[in-house]
Amino acid sequence: MRLYPTIGLEIHAELLTKSKVFCTCSAEFGGEPNSRCCPVCSGLPGTLPILNRKAVEYIVKAGYTMNCDISRFTKWDRKNYFYPDLPKAYQISQMPRPVCLNGHVDIRVNGEDKVIRINRIHLEEDAGKLVHDEAAHVSLADYNRCGIPLIEIVTEPDFHSAEDVTAFVEKIRQLLQYAGVCDGKMEQGSLRCDVNISLAEPGAPLGTRAEIKNLNSVKAIGRAIDYEIYRQTEILESGGRVHQETRRFSDSTGETTAMRSKEDAHDYRYFPDPDIPPIIFTEQELEEIRASLPEMPEQRLARYLEWGIAKNEAETLLSDKRISDFFDAAAASYPNPKAIASFILVELMRRINLGEADMGTLPFDGPALARLVELGETDKINKSKMKDILRSMLETGKTADQIAEEENLWIREDLGLAESVIDKLLADNPGPVEQYRNGEQKVFGFLMGQANRALKGSATPKAIKELLEKKLKG
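One structure accompanies this document, and this report is about it. (Residues numbered from 1 in each chain as written. Predicted model: local features only at pLDDT ≥ 70, side-chain atom pairs only at ≥ 80, totals over all residues. Heavy atoms only, no water.)

### Comments concerning the state of the cysteines
(1) Moving on: By the definition in use, this model includes 0 disulfides.
(2) Moving on: C41 supplies the cysteine sulfur nearest to C37, a cysteine that is in no disulfide, at a spacing of 5.3 Å.
(3) Moving on: Distance from the sulfur of C68, which forms no disulfide, to the nearest cysteine sulfur (C100) is 5.1 Å. (Disulfide = S-S within 2.5 Å.)

Structure (C-alpha coordinates):
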(Lines give C-alpha, C1' and ligand atoms only; values in the text may rest on other atoms or scores of the structure.)
Protein backbone atom coordinates (compact mmCIF):
# COMPACT_ATOMS: atom_id res chain seq x y z
CA MET A 1 0.00 0.00 0.00
CA ARG A 2 1.41 3.41 -0.98
CA LEU A 3 0.12 6.09 1.38
CA TYR A 4 0.28 9.82 0.78
CA PRO A 5 0.33 12.28 3.72
CA THR A 6 -1.80 15.39 3.63
CA ILE A 7 -1.15 18.06 6.23
CA GLY A 8 -2.88 21.27 7.30
CA LEU A 9 -1.75 23.76 9.94
CA GLU A 10 -3.19 26.02 12.57
CA ILE A 11 -0.51 28.49 13.67
CA HIS A 12 -1.20 30.53 16.81
CA ALA A 13 0.72 33.79 17.18
CA GLU A 14 0.50 36.13 20.15
CA LEU A 15 0.40 39.79 19.13
CA LEU A 16 2.88 42.36 20.42
CA THR A 17 0.36 44.68 22.04
CA LYS A 18 1.15 46.25 25.41
CA SER A 19 -2.16 45.18 26.93
CA LYS A 20 -4.49 42.23 26.50
CA VAL A 21 -7.16 42.06 23.85
CA PHE A 22 -10.25 42.74 26.01
CA CYS A 23 -8.82 44.40 29.15
CA THR A 24 -5.96 46.66 30.25
CA CYS A 25 -3.78 44.00 31.91
CA SER A 26 -0.17 43.80 30.73
CA ALA A 27 0.47 41.39 27.85
CA GLU A 28 4.16 41.09 28.70
CA PHE A 29 5.55 37.58 28.90
CA GLY A 30 6.16 36.00 32.30
CA GLY A 31 5.57 37.60 35.68
CA GLU A 32 4.59 36.01 38.96
CA PRO A 33 1.74 33.52 38.40
CA ASN A 34 -1.67 35.21 38.36
CA SER A 35 -0.16 38.67 38.83
CA ARG A 36 -1.25 40.00 35.43
CA CYS A 37 -4.95 39.29 35.40
CA CYS A 38 -8.11 41.15 36.41
CA PRO A 39 -11.85 40.42 36.77
CA VAL A 40 -12.31 40.71 32.97
CA CYS A 41 -9.63 38.25 31.82
CA SER A 42 -10.33 36.03 34.83
CA GLY A 43 -13.93 35.69 33.66
CA LEU A 44 -15.68 36.98 36.80
CA PRO A 45 -19.46 37.47 36.44
CA GLY A 46 -20.66 40.93 35.45
CA THR A 47 -17.47 42.04 33.72
CA LEU A 48 -17.50 43.44 30.19
CA PRO A 49 -14.75 43.21 27.54
CA ILE A 50 -13.40 46.26 25.70
CA LEU A 51 -11.65 45.58 22.39
CA ASN A 52 -7.97 46.51 21.95
CA ARG A 53 -7.78 48.57 18.75
CA LYS A 54 -4.07 47.85 18.24
CA ALA A 55 -4.76 44.10 18.15
CA VAL A 56 -7.19 44.64 15.28
CA GLU A 57 -4.62 46.73 13.43
CA TYR A 58 -2.03 43.99 13.90
CA ILE A 59 -4.18 41.19 12.49
CA VAL A 60 -4.88 43.31 9.42
CA LYS A 61 -1.13 43.84 9.00
CA ALA A 62 -0.57 40.10 9.32
CA GLY A 63 -3.24 39.49 6.70
CA TYR A 64 -1.61 41.85 4.24
CA THR A 65 1.77 40.10 4.63
CA MET A 66 0.04 36.84 3.62
CA ASN A 67 -1.87 38.32 0.67
CA CYS A 68 -5.27 37.94 2.37
CA ASP A 69 -8.57 39.58 1.61
CA ILE A 70 -9.64 41.75 4.56
CA SER A 71 -13.27 41.46 5.60
CA ARG A 72 -14.97 44.86 5.71
CA PHE A 73 -17.36 43.48 8.35
CA THR A 74 -16.26 41.11 11.10
CA LYS A 75 -17.81 40.03 14.37
CA TRP A 76 -17.14 38.04 17.54
CA ASP A 77 -18.27 34.64 18.72
CA ARG A 78 -18.06 32.57 21.86
CA LYS A 79 -16.38 29.20 21.51
CA ASN A 80 -17.61 27.07 24.39
CA TYR A 81 -15.54 24.39 26.05
CA PHE A 82 -14.47 23.57 29.57
CA TYR A 83 -10.81 23.37 30.44
CA PRO A 84 -9.10 24.48 33.68
CA ASP A 85 -6.99 27.16 31.97
CA LEU A 86 -10.09 28.83 30.49
CA PRO A 87 -11.81 30.53 33.44
CA LYS A 88 -14.91 31.71 31.54
CA ALA A 89 -15.47 28.22 30.07
CA TYR A 90 -15.66 29.95 26.67
CA GLN A 91 -13.17 31.71 24.44
CA ILE A 92 -13.96 34.93 22.59
CA SER A 93 -13.05 34.12 18.99
CA GLN A 94 -14.36 34.41 15.42
CA MET A 95 -16.09 31.70 13.47
CA PRO A 96 -18.11 32.65 10.35
CA ARG A 97 -16.67 36.15 9.81
CA PRO A 98 -12.92 36.28 10.48
CA VAL A 99 -10.83 39.35 9.73
CA CYS A 100 -8.70 37.73 6.98
CA LEU A 101 -9.62 35.26 4.23
CA ASN A 102 -8.21 33.61 1.09
CA GLY A 103 -4.51 34.38 1.36
CA HIS A 104 -1.39 32.65 0.16
CA VAL A 105 2.30 32.46 1.03
CA ASP A 106 5.09 31.38 -1.32
CA ILE A 107 7.81 29.06 -0.03
CA ARG A 108 10.81 27.37 -1.62
CA VAL A 109 11.72 23.82 -0.61
CA ASN A 110 14.66 21.94 -2.13
CA GLY A 111 14.76 24.31 -5.08
CA GLU A 112 11.02 24.01 -5.79
CA ASP A 113 8.60 26.94 -5.46
CA LYS A 114 5.31 26.16 -3.74
CA VAL A 115 2.21 28.19 -2.99
CA ILE A 116 0.50 27.52 0.35
CA ARG A 117 -3.08 28.74 0.61
CA ILE A 118 -4.32 30.51 3.72
CA ASN A 119 -7.94 29.66 4.51
CA ARG A 120 -8.42 32.30 7.20
CA ILE A 121 -6.80 34.32 9.97
CA HIS A 122 -8.95 35.19 12.95
CA LEU A 123 -8.40 37.07 16.20
CA GLU A 124 -9.13 35.55 19.60
CA GLU A 125 -8.00 35.59 23.21
CA ASP A 126 -5.35 33.18 24.44
CA ALA A 127 -6.06 30.74 27.25
CA GLY A 128 -4.08 30.42 30.46
CA LYS A 129 -1.39 27.90 31.24
CA LEU A 130 -1.46 24.76 33.37
CA VAL A 131 1.65 23.92 35.38
CA HIS A 132 1.84 20.25 36.29
CA ASP A 133 3.76 19.42 39.48
CA GLU A 134 4.25 15.67 39.19
CA ALA A 135 6.07 15.39 42.51
CA ALA A 136 3.16 16.94 44.42
CA HIS A 137 0.56 15.32 42.13
CA VAL A 138 -1.16 18.66 41.49
CA SER A 139 -1.82 20.91 38.50
CA LEU A 140 -1.80 24.68 38.97
CA ALA A 141 -3.44 27.28 36.72
CA ASP A 142 -1.62 30.49 35.79
CA TYR A 143 -4.01 32.99 34.18
CA ASN A 144 -1.40 35.60 33.19
CA ARG A 145 -1.69 34.49 29.56
CA CYS A 146 -5.49 34.57 29.58
CA GLY A 147 -6.73 37.28 27.25
CA ILE A 148 -3.47 37.95 25.39
CA PRO A 149 -4.41 38.74 21.77
CA LEU A 150 -3.85 35.71 19.57
CA ILE A 151 -4.22 35.25 15.84
CA GLU A 152 -4.88 31.83 14.41
CA ILE A 153 -3.59 31.22 10.89
CA VAL A 154 -5.45 28.31 9.30
CA THR A 155 -3.99 26.87 6.10
CA GLU A 156 -5.51 24.67 3.46
CA PRO A 157 -4.18 21.06 3.48
CA ASP A 158 -1.42 21.93 1.02
CA PHE A 159 1.51 20.18 2.72
CA HIS A 160 2.77 16.68 2.04
CA SER A 161 6.02 16.50 4.01
CA ALA A 162 7.68 17.75 7.17
CA GLU A 163 10.08 19.80 5.05
CA ASP A 164 7.20 21.73 3.47
CA VAL A 165 5.71 22.47 6.88
CA THR A 166 8.90 23.61 8.58
CA ALA A 167 9.78 25.89 5.65
CA PHE A 168 6.32 27.44 5.88
CA VAL A 169 6.44 27.95 9.65
CA GLU A 170 9.83 29.65 9.32
CA LYS A 171 8.41 31.91 6.60
CA ILE A 172 5.37 32.83 8.72
CA ARG A 173 7.54 33.60 11.72
CA GLN A 174 9.73 35.82 9.54
CA LEU A 175 6.74 37.69 8.08
CA LEU A 176 5.19 38.34 11.50
CA GLN A 177 8.50 39.49 12.97
CA TYR A 178 9.21 41.91 10.13
CA ALA A 179 5.66 43.26 10.25
CA GLY A 180 6.24 43.99 13.94
CA VAL A 181 3.12 42.12 15.11
CA CYS A 182 4.67 39.04 16.83
CA ASP A 183 8.14 38.36 18.25
CA GLY A 184 8.03 34.72 17.05
CA LYS A 185 9.61 33.38 20.26
CA MET A 186 8.47 29.80 20.06
CA GLU A 187 10.29 28.89 23.27
CA GLN A 188 8.01 31.35 25.12
CA GLY A 189 4.86 30.12 23.41
CA SER A 190 4.26 33.31 21.45
CA LEU A 191 4.24 31.20 18.27
CA ARG A 192 3.02 27.62 18.34
CA CYS A 193 1.55 25.22 15.88
CA ASP A 194 -1.16 22.55 15.67
CA VAL A 195 -0.63 20.01 12.89
CA ASN A 196 -3.44 18.00 11.27
CA ILE A 197 -2.24 14.87 9.44
CA SER A 198 -4.05 12.21 7.46
CA LEU A 199 -2.87 9.45 5.15
CA ALA A 200 -4.55 7.99 2.07
CA GLU A 201 -3.68 6.34 -1.19
CA PRO A 202 -3.00 8.80 -4.05
CA GLY A 203 -6.28 9.90 -5.65
CA ALA A 204 -8.42 8.54 -2.80
CA PRO A 205 -10.46 10.77 -0.45
CA LEU A 206 -8.55 12.20 2.48
CA GLY A 207 -8.07 9.86 5.40
CA THR A 208 -9.10 10.35 9.02
CA ARG A 209 -6.95 13.06 10.54
CA ALA A 210 -5.17 13.32 13.85
CA GLU A 211 -4.25 16.70 15.34
CA ILE A 212 -0.97 17.23 17.18
CA LYS A 213 -1.32 20.16 19.57
CA ASN A 214 0.95 22.96 20.77
CA LEU A 215 4.23 22.27 19.00
CA ASN A 216 6.57 25.06 20.02
CA SER A 217 9.74 24.60 17.97
CA VAL A 218 10.46 24.03 14.30
CA LYS A 219 12.46 20.94 15.17
CA ALA A 220 9.58 19.50 17.22
CA ILE A 221 7.16 20.14 14.36
CA GLY A 222 9.31 18.16 11.93
CA ARG A 223 9.85 15.28 14.37
CA ALA A 224 6.16 15.10 15.30
CA ILE A 225 5.08 14.95 11.65
CA ASP A 226 7.58 12.23 10.79
CA TYR A 227 6.50 10.13 13.76
CA GLU A 228 2.79 10.59 13.10
CA ILE A 229 3.21 9.56 9.45
CA TYR A 230 5.03 6.47 10.66
CA ARG A 231 2.35 5.70 13.29
CA GLN A 232 -0.59 6.06 10.92
CA THR A 233 1.21 4.06 8.22
CA GLU A 234 1.72 1.18 10.67
CA ILE A 235 -1.98 1.24 11.62
CA LEU A 236 -3.31 1.35 8.06
CA GLU A 237 -0.91 -1.23 6.63
CA SER A 238 -1.87 -3.68 9.38
CA GLY A 239 -5.57 -3.27 8.52
CA GLY A 240 -6.43 -0.98 11.43
CA ARG A 241 -8.32 2.33 11.49
CA VAL A 242 -6.98 5.76 12.45
CA HIS A 243 -9.17 7.52 15.00
CA GLN A 244 -9.95 11.23 14.80
CA GLU A 245 -8.29 12.56 17.92
CA THR A 246 -6.07 15.21 19.44
CA ARG A 247 -2.58 14.08 20.36
CA ARG A 248 0.44 15.54 22.15
CA PHE A 249 4.10 15.22 21.20
CA SER A 250 6.88 14.34 23.65
CA ASP A 251 10.29 15.85 22.93
CA SER A 252 11.98 13.26 25.12
CA THR A 253 10.49 10.17 23.44
CA GLY A 254 9.86 11.61 19.96
CA GLU A 255 6.38 10.08 19.99
CA THR A 256 2.80 11.33 19.96
CA THR A 257 0.20 10.13 22.47
CA ALA A 258 -3.58 10.51 22.60
CA MET A 259 -5.07 13.40 24.61
CA ARG A 260 -8.77 13.37 23.73
CA SER A 261 -11.15 12.75 20.87
CA LYS A 262 -10.99 15.49 18.25
CA GLU A 263 -13.81 18.02 18.35
CA ASP A 264 -15.51 19.43 15.28
CA ALA A 265 -16.81 23.00 15.02
CA HIS A 266 -20.35 22.09 16.09
CA ASP A 267 -19.03 20.63 19.34
CA TYR A 268 -17.99 24.10 20.49
CA ARG A 269 -21.53 25.54 20.25
CA TYR A 270 -20.39 28.83 18.70
CA PHE A 271 -22.80 31.72 19.11
CA PRO A 272 -22.41 35.52 18.66
CA ASP A 273 -20.84 37.34 21.58
CA PRO A 274 -23.45 39.82 22.84
CA ASP A 275 -20.97 42.13 24.58
CA ILE A 276 -18.67 43.18 21.71
CA PRO A 277 -19.96 45.11 18.69
CA PRO A 278 -18.84 44.07 15.21
CA ILE A 279 -16.03 45.85 13.38
CA ILE A 280 -16.72 47.71 10.14
CA PHE A 281 -13.59 48.83 8.30
CA THR A 282 -13.52 51.80 5.95
CA GLU A 283 -11.31 51.75 2.88
CA GLN A 284 -9.32 54.65 4.31
CA GLU A 285 -8.61 52.76 7.55
CA LEU A 286 -7.39 49.70 5.68
CA GLU A 287 -5.21 51.75 3.38
CA GLU A 288 -3.62 53.53 6.37
CA ILE A 289 -2.84 50.17 7.98
CA ARG A 290 -1.35 48.82 4.77
CA ALA A 291 0.78 51.96 4.37
CA SER A 292 2.10 51.59 7.93
CA LEU A 293 3.69 48.20 7.18
CA PRO A 294 7.48 48.42 7.58
CA GLU A 295 9.98 47.20 5.00
CA MET A 296 9.40 43.46 4.53
CA PRO A 297 11.98 40.74 3.76
CA GLU A 298 11.44 40.81 -0.01
CA GLN A 299 12.10 44.55 -0.10
CA ARG A 300 15.19 44.23 2.05
CA LEU A 301 16.46 41.39 -0.13
CA ALA A 302 16.19 43.57 -3.22
CA ARG A 303 18.09 46.33 -1.45
CA TYR A 304 20.85 43.99 -0.28
CA LEU A 305 21.28 42.59 -3.79
CA GLU A 306 21.62 46.15 -5.12
CA TRP A 307 24.41 46.64 -2.60
CA GLY A 308 26.28 43.74 -4.21
CA ILE A 309 25.70 41.22 -1.44
CA ALA A 310 25.43 37.63 -2.66
CA LYS A 311 21.90 36.23 -2.51
CA ASN A 312 22.73 33.40 -0.10
CA GLU A 313 24.44 35.87 2.25
CA ALA A 314 21.51 38.28 2.01
CA GLU A 315 19.03 35.52 2.85
CA THR A 316 21.10 34.54 5.88
CA LEU A 317 21.07 38.13 7.12
CA LEU A 318 17.30 38.24 6.61
CA SER A 319 16.64 34.95 8.40
CA ASP A 320 16.59 36.78 11.75
CA LYS A 321 15.15 40.29 11.91
CA ARG A 322 17.51 41.21 14.74
CA ILE A 323 20.50 40.41 12.53
CA SER A 324 19.01 42.31 9.59
CA ASP A 325 18.24 45.36 11.76
CA PHE A 326 21.75 45.24 13.22
CA PHE A 327 23.26 45.03 9.74
CA ASP A 328 21.15 47.95 8.47
CA ALA A 329 22.24 50.12 11.41
CA ALA A 330 25.88 49.22 10.75
CA ALA A 331 25.63 49.91 7.00
CA ALA A 332 24.04 53.29 7.70
CA SER A 333 27.06 54.19 9.83
CA TYR A 334 29.80 53.05 7.45
CA PRO A 335 28.83 52.75 3.76
CA ASN A 336 30.62 49.51 2.95
CA PRO A 337 27.78 46.98 3.24
CA LYS A 338 29.66 44.11 1.59
CA ALA A 339 32.51 44.27 4.10
CA ILE A 340 30.11 44.64 7.03
CA ALA A 341 27.94 41.73 5.84
CA SER A 342 30.99 39.51 5.45
CA PHE A 343 32.27 40.32 8.95
CA ILE A 344 28.85 39.74 10.54
CA LEU A 345 28.31 36.42 8.77
CA VAL A 346 31.82 35.06 9.30
CA GLU A 347 32.99 36.43 12.64
CA LEU A 348 29.97 37.65 14.62
CA MET A 349 27.77 34.70 13.66
CA ARG A 350 30.61 32.32 14.53
CA ARG A 351 30.69 33.77 18.04
CA ILE A 352 26.93 33.43 18.29
CA ASN A 353 26.99 29.82 17.07
CA LEU A 354 29.67 29.01 19.64
CA GLY A 355 27.44 30.40 22.38
CA GLU A 356 29.81 33.28 23.13
CA ALA A 357 27.25 35.94 22.14
CA ASP A 358 23.55 36.42 21.58
CA MET A 359 21.90 38.92 19.24
CA GLY A 360 19.46 39.89 21.98
CA THR A 361 22.18 40.86 24.47
CA LEU A 362 25.09 42.20 22.42
CA PRO A 363 27.01 44.83 24.45
CA PHE A 364 27.39 47.04 21.36
CA ASP A 365 25.24 48.23 18.48
CA GLY A 366 25.53 48.14 14.70
CA PRO A 367 27.50 51.40 14.34
CA ALA A 368 30.07 50.13 16.89
CA LEU A 369 30.70 47.04 14.78
CA ALA A 370 30.78 49.18 11.63
CA ARG A 371 33.56 51.22 13.22
CA LEU A 372 35.61 48.05 13.73
CA VAL A 373 35.12 47.08 10.08
CA GLU A 374 36.05 50.62 9.01
CA LEU A 375 39.31 50.49 11.00
CA GLY A 376 40.29 47.29 9.21
CA GLU A 377 39.18 48.38 5.74
CA THR A 378 40.99 51.72 5.97
CA ASP A 379 44.21 50.15 7.32
CA LYS A 380 43.99 51.85 10.70
CA ILE A 381 44.50 48.40 12.22
CA ASN A 382 45.69 45.12 10.78
CA LYS A 383 42.72 43.09 9.47
CA SER A 384 44.08 39.99 11.19
CA LYS A 385 43.44 41.71 14.53
CA MET A 386 39.75 42.44 13.88
CA LYS A 387 38.55 39.10 15.26
CA ASP A 388 40.60 39.65 18.45
CA ILE A 389 39.11 43.10 18.90
CA LEU A 390 35.62 41.69 18.35
CA ARG A 391 36.21 39.15 21.11
CA SER A 392 37.28 41.96 23.46
CA MET A 393 34.24 44.04 22.49
CA LEU A 394 31.97 41.10 23.37
CA GLU A 395 33.75 40.52 26.68
CA THR A 396 34.16 44.12 27.84
CA GLY A 397 31.65 46.25 25.92
CA LYS A 398 34.47 48.65 24.99
CA THR A 399 34.71 50.27 21.57
CA ALA A 400 37.11 49.16 18.88
CA ASP A 401 39.02 52.44 19.23
CA GLN A 402 39.45 51.95 22.99
CA ILE A 403 40.72 48.39 22.55
CA ALA A 404 43.11 49.36 19.73
CA GLU A 405 44.54 52.12 21.92
CA GLU A 406 44.88 49.99 25.05
CA GLU A 407 46.51 47.09 23.21
CA ASN A 408 48.64 49.27 20.90
CA LEU A 409 47.10 47.87 17.74
CA TRP A 410 47.13 51.07 15.67
CA ILE A 411 49.11 51.05 12.44
CA ARG A 412 51.31 54.15 12.62
CA GLU A 413 52.76 54.75 9.17
CA ASP A 414 56.58 55.13 9.21
CA LEU A 415 57.68 54.85 5.60
CA GLY A 416 61.31 55.60 6.40
CA LEU A 417 61.46 52.66 8.79
CA ALA A 418 59.58 50.51 6.29
CA GLU A 419 62.11 51.27 3.55
CA SER A 420 65.10 50.42 5.73
CA VAL A 421 63.51 47.18 6.98
CA ILE A 422 62.67 46.08 3.44
CA ASP A 423 66.17 46.93 2.20
CA LYS A 424 67.64 44.72 4.94
CA LEU A 425 65.11 41.96 4.23
CA LEU A 426 66.06 41.85 0.55
CA ALA A 427 69.76 41.91 1.38
CA ASP A 428 69.33 38.98 3.81
CA ASN A 429 67.34 36.90 1.30
CA PRO A 430 69.22 37.04 -2.03
CA GLY A 431 67.93 33.62 -3.13
CA PRO A 432 64.18 34.42 -2.99
CA VAL A 433 64.87 37.85 -4.50
CA GLU A 434 66.64 36.25 -7.47
CA GLN A 435 63.83 33.70 -7.86
CA TYR A 436 61.23 36.47 -7.97
CA ARG A 437 63.16 38.45 -10.52
CA ASN A 438 63.42 35.31 -12.64
CA GLY A 439 59.63 35.05 -12.77
CA GLU A 440 58.74 32.93 -9.74
CA GLN A 441 55.88 35.15 -8.50
CA LYS A 442 54.91 32.86 -5.61
CA VAL A 443 58.07 33.88 -3.74
CA PHE A 444 56.53 37.32 -3.26
CA GLY A 445 54.19 35.91 -0.60
CA PHE A 446 57.15 34.76 1.47
CA LEU A 447 58.83 38.16 1.28
CA MET A 448 55.57 39.97 2.02
CA GLY A 449 55.00 37.83 5.10
CA GLN A 450 58.50 38.53 6.39
CA ALA A 451 58.03 42.27 5.85
CA ASN A 452 54.65 42.32 7.57
CA ARG A 453 56.05 40.56 10.63
CA ALA A 454 59.04 42.88 10.84
CA LEU A 455 56.96 46.04 10.40
CA LYS A 456 54.02 45.04 12.61
CA GLY A 457 52.08 48.22 13.37
CA SER A 458 54.56 50.49 11.60
CA ALA A 459 53.08 50.47 8.09
CA THR A 460 49.93 49.34 6.36
CA PRO A 461 49.97 46.11 4.33
CA LYS A 462 49.15 48.19 1.27
CA ALA A 463 52.16 50.48 1.79
CA ILE A 464 54.45 47.52 2.49
CA LYS A 465 53.27 45.75 -0.68
CA GLU A 466 53.82 48.82 -2.86
CA LEU A 467 57.26 49.49 -1.40
CA LEU A 468 58.34 45.84 -1.70
CA GLU A 469 57.22 45.66 -5.34
CA LYS A 470 59.10 48.87 -6.09
CA LYS A 471 62.31 47.58 -4.50
CA LEU A 472 62.10 44.20 -6.26
CA LYS A 473 61.68 45.85 -9.65
CA GLY A 474 64.57 48.22 -8.96
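### Section: helix α2 (residues 162-179)
(1) Moving on: Taking 1.5 Å per residue, 18 residues should reach 26 Å; α2 reaches 26 Å between its end C-alpha atoms and fits that length.
(2) Moving on: Counting buried positions along α2 yields 14 of 18 residues, so the element is predominantly enclosed.
(3) Moving on: Downstream of α2 by one or two residues, G180 has phi in the positive range, about 80°. (Helix = DSSP H or I, 4+ residues; strand = E, 2+ residues; numbered from the N terminus. Expected span 1.5 Å × (residues − 1). Buried < 20%, exposed > 50% of the residue type's maximum accessible area, 1.4 Å probe, protein only.)

### What to know about the side chain of S190
(1) Moving on: As for its position among the elements, S190 is in the loop between α2 and β11 (191-200).
(2) Moving on: The class for S190 is buried, based on a relative accessible area of 5%.
(3) Moving on: Among the polar contacts made by the side chain of S190, one reaches the main-chain carbonyl oxygen of K185 at a distance of 2.9 Å.
(4) Moving on: Ignoring sequence-local partners within four residues, the contact set of S190 consists of H12, A13, E14, C182, D183, G184 and K185. (Polar contact = N/O pair within 3.5 Å; in protein donor to acceptor, adjacent residues only side chain to side chain. Contact = heavy atoms within 4.5 Å.)

### A few points about the sheet that holds β11
The strands that make up a sheet pair up through hydrogen bonds in the backbone, lying either parallel or antiparallel.
(1) Moving on: An order of β2-β6-β7-β10-β1-β11-β12-β13-β14 is seen for the 9 strands of this open sheet, with the pairing classed as mixed. Two strands bound the open sheet, and with one partner strand each, they are β2 (69-70) and β14 (256-261).
(2) Moving on: Here strand β1 (residues 4-14) pairs with β11 via 10 bridges, running antiparallel. Among the inter-strand pairings, P5 is bridged to a residue of β11, identified as L199.
(3) Moving on: Seen against the sheet, helix α3 (residues 218-237) touches β1, β11, β12 (210-215), β13 (245-249) and β14 and runs at an angle of roughly 25° to β11. (Pairing = 2+ DSSP bridges. Axes fitted to C-alpha atoms, helices over the stretch in contact; angles between N-to-C directions.)

### Examining helix α10 (residues 386-396)
One turn of the α-helix equals 3.6 residues, which is why residues spaced by three or four share an orientation.
(1) Moving on: Residues of α10 that are buried: M386, I389, L390, S392, M393 and L394.
(2) Moving on: Its buried side turned inward, α10 meets α8 (337-353), α9 (366-377) and α11 (400-406).
(3) Moving on: Two residues or fewer after α10 comes G397, characterised by a positive phi angle close to 80°.

### Topic: the pairing of β11
(1) Moving on: Burial analysis of β11 places 10 of its 10 residues in the buried class, the great majority of the element.
(2) Moving on: Note: β11 against β12, 4 bridges, orientation antiparallel. Within β12, the position partnered with C193 by the bridge is L215.

### Quick word on the packing of aromatic side chains
One pair of aromatic rings is described through two measures. These are the centre distance and the angle between the planes.
(1) Moving on: Tallied over the full model, the rule gives 10 aromatic pairs.
(2) Moving on: Ring centres 5.8 Å apart and planes at 40° place the aromatic pair Y436 and F444 in the tilted group. As far as burial versus exposure is concerned, Y436 and F444 are alike and both buried.
(3) Moving on: By way of ring pairs, the aromatic residues Y81, Y268 and Y270 are connected into one cluster.
(4) Moving on: In this structure, K79 packs its charged tip against the face of Y268, placed 4.4 Å from the ring centre.
(5) Moving on: Between K88 and the ring centre of Y90, over which it is positioned, the NZ or CZ distance is 5.5 Å. (Phe/Tyr/Trp six-rings, centres within 6.5 Å; stacked < 30°, edge-to-face > 60°. Lys NZ or Arg CZ within 6 Å of the ring centre and 35° of its normal.)

### Comments concerning the pairing of β13
(1) Moving on: Of all 5 residues that make up β13, 4 are buried, and the element is covered over most of its length.
(2) Moving on: Sheet topology note: the β12/β13 ladder contains 3 bridges and is parallel. What sits directly across from A210, in β13, is E245.
(3) Moving on: As paired strands, β13 and β14 are joined by 5 bridges and run antiparallel to one another. Bridging from a neighbouring strand, R248 pairs with T257 of β14.

So yeah, pure geometry; function would need other evidence.
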